[in-house]
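Each chain is listed here by its residues.
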Amino acid sequence: MIAREEIRNVLDHPVYDGEGHKIGDAKHVFFDDVTGRPEWVTVRTGLFGSSESFVPIRDASMVEDHIEVPYAKDRIKGAPNVDVDSGGHLSESEEHRLYDYYGIDWDSVLEDDTPGRSGFAAGTGTAAAPGTAAGMRPGEADADYLGGRAGGDAVRPSDDAMTRSEEEMHVGVERRESGRARLRKYVVTEEVEQTVPVRREEVRIEREPITEANRDAALSGPEISEAEHEVVLHEERPVVETETVPVERVRMTADERTEEETVRGQVRKERIETEGLETEGYDEDRPDRP
């Protein structure tokens, strides 16, 4: 369990589950009405910390600059949604429902608390404001805490001033997968035509008269006989061969493009009104006016 002295180091610090996964940041700590011990811590979860989940702090521990709780991240994010009233106080039924969700026996919770606490809900208390030790104002003694008795009344400020707060919207971005593209190579067959010249031999009859130049060759054979003479003819035919050659390289690259998107949300602001004054009311947007 985290001691009271460590509460200053709890708020607005990261909360991790038992497997080292970050759940969110601690926002509030709830105290027991009777013992004053820390009982619950709320953790901002969801996109931009839009949700707040209750986690038992009894088995939590402070490790360096963060808190570790023995519950899985998904289990904490699925915790029952508890609507805490304006006084920042958990009812007995709400706390009972939370203990049941985390599998903590209600009777064991009562046994761990101060004897004779009959009539008080175990762990009901007032939430501490974010950014300070639970229930303590900056510079205030540790003995002054919220929730010293049933009902958890808050310590009143020592001066006459009233603090006005308002929420600010912080917008961030998250990177997620929007689609996938891939290169795929496949084979197609195309008809290709190409004209090439081919040669072939044809028989042509040439006749020449007997002259003095060829008379001896003409009379070299028998005077009267039969004879045959064969001539071999040739021709060319197209021969097709294919050869694989590289023609280009193709790759995919992702180009990043920046676009403007408008995000709308709701923020809460505190307003201060005056009563019983003759002058006009205080305008927080124009603090220079009376």
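Criteria and thresholds
Each chain carries its own residue numbering, running from 1 in the direction its sequence is written. In view of the model being predicted, local features appear only for residues whose pLDDT reaches at least 70, and side-chain atom pairs are presented and counted only at 80 or more, with totals across whole chains, interfaces and linings using the full set of residues. Hydrogens and water molecules were not included; the side-chain quantities draw on all heavy atoms of the structure. Helix and strand definitions here come from DSSP, where helices need a minimum of 4 consecutive H or I residues and strands a minimum of 2 consecutive E residues; each element is numbered from the N-terminal end. Here's how the labels work: a residue is buried when its accessible area is under 20% of the maximum for its type, exposed when over 50%, partly exposed in between, all with a 1.4 Å probe on protein chains only. We call two residues in contact when some of their heavy atoms are within 4.5 Å. Under the convention used here, a 1.4 Å probe and the Shrake-Rupley method define accessible areas, while residue burial counts only the protein chains that appear. Pairing of aromatic rings covers Phe, Tyr and Trp, the last counted by its six-membered ring, and requires centre-to-centre distances within 6.5 Å; plane angles under 30 degrees mean stacked, over 60 mean edge-to-face, and any other angle means tilted. On a range of 0 to 100, pLDDT expresses the predictor's confidence in each residue. We define a nonpolar core as any set of buried Ala, Val, Leu, Ile, Met, Phe, Trp, Tyr and Cys residues linked to one another through side-chain atoms lying within 4.5 Å. Exposure above 30% relative accessible area and no salt bridge define the residues that can form patches, which grow by joining like charges within 9 Å and nonpolar side chains of Val, Leu, Ile, Met, Phe, Trp and Tyr within 5 Å. What makes a salt bridge here is a side-chain nitrogen of Lys or Arg within 4 Å of a carboxyl oxygen of Asp or Glu, nothing more. Here, any two strands with at least 2 DSSP bridges between them count as paired. Every angle, taken between N-to-C directions, lies between 0 and 180 degrees, and every axis is a line fitted to C-alpha atoms, over only the stretch in contact when it is a helix.

Draft legend 1. The overall build of the protein, seen in detail. Of regular secondary structure, the protein possesses 4 helices and 6 strands. Listing the helices and strands of the protein from first to last along the sequence gives β-β-β-β-β-β-α-α-α-α. Residue burial in the protein is summarised as follows: out of 290 residues, 25% are buried. Of all intrachain contacts in the protein linking residues separated by at least 6 positions in sequence, the fraction that spans at least 24 positions is 59%. Accessible surface, the protein: about 23,600 Å² in total, of which carbon and sulfur atoms supply 45%.

Draft legend 2. Local environment of the packing of aromatic side chains. In the structure shown here, the tally under the stated rule is 6 aromatic pairs. With a centroid separation of 6.5 Å and 45° between ring planes, the pair formed by W40 and Y102 is classed as tilted. Of the two residues, W40 is situated in strand 3 (residues 38–45) and Y102 in the loop between helix 2 (92–101) and helix 3 (106–112); the sequence distance between them amounts to 62 residues. According to the relative accessible area criterion, W40 is buried, its value standing at 0%. A relative accessible area of 5% places Y102 in the buried class.

Draft legend 3. Quick look at the confidence of the model for the protein. Taken as a whole, the protein shows an average pLDDT of 76; of its residues, 74% reach a score of 70 or greater. Mean pLDDT across the secondary structure elements of the protein bottoms out at helix 3, with 69, and peaks at strand 1 (residues 14–16), with 89. Scored below 50 in pLDDT, residues 114–158 shows 117 contacts in the model against residues more than four places distant or in partner chains.

Draft legend 4. Local environment of the environment of L98. As for its position among the elements, L98 is in helix 2. Among the residues examined, L98 registers a relative accessible area of 0% and is labelled buried. As for L98 and A79, which are separated by 19 residues in sequence, their C-alpha atoms are 7.4 Å apart. Excluding residues that lie within four positions of it along the chain, L98 makes contacts with W40, F54, P80 and V82.

Draft legend 5. Seen up close, unusual backbone geometry. The backbone of D12 shows a phi angle near 60°, a positive value even though the residue is not glycine. Relative to the assigned elements, D12 resides in the segment before strand 1.

Draft legend 6. Broad picture of the nonpolar core. If you look at the biggest cluster of nonpolar residues, it comprises 31 residues, and the most contacted ones within it are V10, W40, V55, I67, V69 and Y102. If you list the elements that add at least two residues to this core, you get strand 2 (22–31), strand 3, strand 4 (51–56), helix 2 and helix 3. Here this core takes 5 residues from strand 2, the largest share from any one element. Those residues in contact with Y102 that lie beyond four places of it in its chain are W40, F54, V55, P56, Y71, R75, I76 and A79.

Draft legend 7. Molecular detail of a nonpolar patch on the surface. The grouping of M169, V171, V263 and V267 at the surface amounts to a nonpolar patch, some 320 Å² of accessible area in total. By secondary structure assignment, the location of M169 is in the loop between helix 3 and helix 4 (215–218).

Draft legend 8. Representation of the sheet that holds strand 6 (residues 66–68) in the model. Taken in spatial order, the 6 strands of this open sheet run 4-3-2-1-6-5, and their pairing is mixed. What marks the edges here is a single partner per strand, and that holds for strand 4 and strand 5 (61–63). Across the sheet, the axes of successive neighbouring strands diverge by a mean angle of 40°, strand direction being ignored. When strand 2 meets strand 3, the two strands line up antiparallel, connected through 6 bridges. Bridge pairing in strand 3 places F31 opposite P38.

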